Amino acid sequence: MTMHLMRDSFAKRRLRVPIWVVLVLVLGGMTSVMAVVIGVRFYVAGLVSTTQLVEDLGRSSLAQLTEMIESQLQPAADQSKFLADILSRDQVDPKNNQRLQDLLLGSLAAVRQLRAVAYVGLDHRLVWAGQNENGRGYSAKVTHVTDETQVPALLAEATRRRAQFWSRPIQFDWETGPLLIAVAPVFRQGDVIGIIGAAVSTRAASERLARLSGVSGLVPFVLTPDGHILMHGSTAKDVPPGREWRDGAILADRQEFPDPVLAAMQWPPSAGAADQHRDAPQTGLHMERVALPDGTHFVIHRRLTGYGPDAWFVGYHLPETWVAQSYATINRAIPFALIVLLIALGLAYWLGRSIARPMIVLSQSGQRLARLDFTPLEIKSSLIKEVERAVEAQRAMRNGLQWLSNYIPRSLTPLLMKSGEELISRERDIVVLFTDIVGFSQIAEGRPAAKVAALLNRHFGLLGAIIDQEGGTIDKYIGDSIMAFWGAPLDQEDRAERAVRAAQRVARKLQADNERRARKGLKPIRIRIGIHRGPALVGNIGAPGRVNYTLVGDTVNVAQRLEQFAREVDDGVSDAVIVISGELASVLPPGVALIDVGDQLFHGRSTATRVFRMPMG
């Protein structure tokens, strides 16, 4: 006992290191390591030759440049293919302009690289969504494409190709600049009925290149095979929006664009004439020197395919003086970086072991909680104070969520966790179901309270499981009754079928359970079920600090009256007597067996309700 107390006391006194200290040490050490490694690499390359250094830098810089260009264009191709697949599978009707506009606006919000996205049908109907002129927010519209525009040509090409493709640069207005459009055909029964186009602004892409230029000091560019400027790192700075080029061209020629290096470079580029390393033909990397009055410049480029009918030339240029400056910086940094490297390696090893193990388990445990899986994972105590606190907080959160899930409808718990927002009350079309045990007072009479509670818990467990499986939300338990509904918090187009299917499954489940009760010499439990469909106010209703997600409205009252009316058509034998309203019966699919009971005037209502009974067996 004394040893346990000593170990517990020692564990409480152990040092807890603040996580900010850990982060400073780790980030500082790793940054130093990376700086030294890169510096040594450049220094060794410089001992070989200036050309070698530039080409080594070129490989990494071109890879970064290519990745940035692809990050601007590939999402457009993916999005156009995704939207075309949705329309081809008829998940959204292309003729429904409102649904189509909502779909296109959603795709813009999901993919920020897009300037616009549009659907064009064979009838030249254009549903378009794009960024507003001020660059804030999005808007959508429906119009008709005239034969004078360039869009019909894309539609014809998609019909001929029957596959996704990239358009040549297209200009719709001078302020926006040329667009690159990923076009995907939309099929219906094997025929092309339209196209989806996802457009990326070359000017916006050039602005991304400008940020790369500002960081590295290099000047990136993208040239078309005929020598026109498609993207350039100085477009945003040197080319005002709306500028028109010679002879009305939408792209500037090398000679016209304000970049003397590109104007003076050899064209067309020749791998044989370029000053290149021996392995350049294998990597596709080409380099040449361009002599200008202000000094010599290096131009490094490669070909990029997959974003149009022809390959582009992607590259950058930099002045020769930049290399000398780089050498000077590297020479000053290397001695210090080597010392930091030794220190960082030791720190990284110790801190990595201290942080990684508990954080990995903590992350796995958090992922389980996100799936509402409350199975605990064993997390060992950590020397880091914040990690230990996070472990304790997660344990408390898991316990709280586990208890909370017992008091909140299961369909609401994941929705609240994902949205984190209040569920505002609003009117919905709802299907409401009430159940009630026949003769429950006689069943409970003379029984101990514990046995009555156990009977109800088992009964509610049988019914609740079926309601959950059919996507229903249990609103409340009222004595021996259940109130459940479909159509909220999530929209369910088949809510009527779900509710009726749940009632039928409940009847079959009770029949099987009553057979079990009969073998034990127990009396059967029979229930009445009333189901109604109609509008109701759904949401958080109650006083501040204590609300319920529930329904309010006449639809709830009618559903309860239907359950009470079921006793009028009870044959005294059936395990479940199911009564539904005419409003619900009118939306059920053909083939559902129903017995018309006629119009019934319920207590407290001025209008009659059509009532149907669902036969069992």
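1. Here we look at the overall build of the protein
Thinking step 1. A tally of regular secondary structure across the protein gives 17 helices and 20 strands.
Thinking step 2. The long-range share in the protein, meaning contacts at least 24 apart out of those at least 6 apart in sequence, stands at 61%.
Thinking step 3. Counting every atom, the protein has about 32,700 Å² of accessible surface; 56% of that belongs to carbon and sulfur.

2. A closer look at the sheet that holds strand 9 (residues 252-253)
Thinking step 1. Reading across from one edge, 9-8-7-12-11-10 is the order of the 6 strands in this open sheet, with antiparallel pairing throughout. The sheet is open, and its two edges are formed by strand 9 and strand 10 (286-292), each paired on a single side.
Thinking step 2. By the bridge criterion, 3 bridges tie strand 7 (residues 219-223) to strand 8 (residues 228-232) in an arrangement that is antiparallel. Note on strand 8: the bridge partner recorded for Leu223 is Ile229.

3. Focus: the nonpolar core
Thinking step 1. In this structure, Leu73, Ile196, Met231 and Trp312 are the most contacted members of the largest nonpolar core, which totals 48 residues.
Thinking step 2. With 11 residues, helix 3 (residues 50-88) is the single largest residue contributor to this core.
Thinking step 3. In terms of nonpolar packing, the next biggest core, distinct from the first, is built from 37 residues, Phe460, Ala484, Ile578 and Phe612 among them.

4. Considering the packing of helix 14 (residues 449-469) against helix 15 (residues 495-519)
Thinking step 1. Packing of helix 14 against helix 15 leaves a shortest axis separation of 9 Å and a crossing angle of 145°. Two packed elements cross with a definite hand, and for helix 14 against helix 15 that hand is right-handed. In this structure, helix 14 contributes Leu455, Arg458, His459, Leu462, Leu463, Ile466 and Gln469 to the contact, and helix 15 contributes Ala502, Arg505, Val506, Lys509, Leu510, Asp513, Arg516 and Arg517.
Thinking step 2. Here the residues of the contact of helix 14 with helix 15 sort into 7 nonpolar, 2 polar and 6 charged.

5. Observations concerning the pairing of strand 5 (residues 179-188)
Thinking step 1. Most of strand 5 sits inside the fold, with 8 of its 10 residues counted as buried.
Thinking step 2. Relative to strand 6 (residues 191-201), strand 5 runs antiparallel, the two sharing 10 bridges. Looking across to strand 6, one finds that Val183 is bridged to Gly197.
Thinking step 3. Taking the residues that link successive antiparallel strands as the turn, the strand 5-strand 6 hairpin has 2 residues, and the phi of Gln189 there is positive, at about 55°.

6. Overview of the confidence of the model for the protein
Thinking step 1. Across the protein, the average pLDDT comes to 79, with 71% of residues at 70 or higher.
Thinking step 2. Mean pLDDT across the elements of the protein bottoms out in helix 9 (residues 280-283) (43) and peaks in strand 18 (residues 576-581) (95).
Thinking step 3. This model gives residues 1-12 a pLDDT under 50, and the stretch forms 1 contact once residues within four places in sequence are excluded.
Thinking step 4. Segment residues 271-282: pLDDT under 50, and 20 contacts once partners within four positions in sequence are set aside and those in other chains are kept.

7. Some details on unusual backbone geometry
Thinking step 1. The omega torsion of the bond from Ala488 to Pro489 falls at 0°, within 30 degrees of zero and hence cis.
Thinking step 2. Along the chain, Pro489 turns up in the loop between strand 15 (481-486) and helix 15.
Thinking step 3. With phi around 65°, His124 is a residue other than glycine that occupies positive phi space.

8. Comments concerning the pairing of strand 1 (residues 116-121)
Thinking step 1. Among the 6 residues that make up strand 1, 6 are buried, leaving the element largely enclosed by the rest of the structure.
Thinking step 2. Neither face of strand 1 is exposed, since Ala116, Ala118 and Val120 on one face and Val117, Tyr119 and Gly121 on the opposite face are all buried.
Thinking step 3. When strand 1 meets strand 2 (residues 125-131), the two strands line up antiparallel, connected through 5 bridges. Its bridge partner lying in strand 2, Ala118 is registered against Trp128.
Thinking step 4. Between strand 1 and strand 2, which pair antiparallel one after the other, the connecting turn spans 3 residues, and His124 there sits at a positive phi close to 65°.
Thinking step 5. For strand 1 and strand 6, the ladder comprises 6 bridges, and the chain directions are antiparallel. Within strand 6, the position partnered with Gly121 by the bridge is Gly194.

The rules we used
- The numbering scheme is per chain: residues are counted from 1 as the chain's sequence reads.
- Totals for whole chains, interfaces and linings use all residues, but because this is a predicted model, local features are given only for residues with pLDDT of at least 70 and pairs of side-chain atoms are given and counted only at 80 or more.
- In computing side-chain values, all of the structure's heavy atoms are included and hydrogens and water are not.
- Here a strand is any run of E in DSSP of at least two residues, a helix any run of H or I of at least four, and the numbering for each starts at the N terminus.
- Two residues form a contact once any of their heavy atoms are found within 4.5 Å.
- For the accessible areas, the method is Shrake-Rupley and the probe is 1.4 Å, while residue cover comes only from the protein chains on display.
- Two strands qualify as a pair provided that DSSP identifies no fewer than 2 bridges between them.
- Put simply, a nonpolar core is a bunch of buried Ala, Val, Leu, Ile, Met, Phe, Trp, Tyr and Cys residues held in one set by side-chain atoms that sit within 4.5 Å of each other.
- The cut-offs for exposure are 20% and 50% of the maximum accessible area for each residue type, with area from a 1.4 Å probe on protein chains only; residues under the lower value are buried, those over the upper are exposed, and the others partly exposed.
- Axes here mean lines fitted to C-alpha atoms, for a helix over just the part in contact, with angles spanning 0 to 180 degrees between N-to-C directions.
- Helix crossings get a hand from a simple test, with the near helix turned counterclockwise from the far one by less than a right angle marking a left-handed crossing and a clockwise turn marking a right-handed one.
- Under the convention adopted here, Pro, Cys and the residues Ala, Val, Leu, Ile, Met, Phe, Trp and Tyr are nonpolar, Asp, Glu, Lys and Arg are charged, and Gly plus all remaining residues are polar.
- Every residue carries a pLDDT, the predictor's confidence in it, which falls somewhere between 0 and 100.

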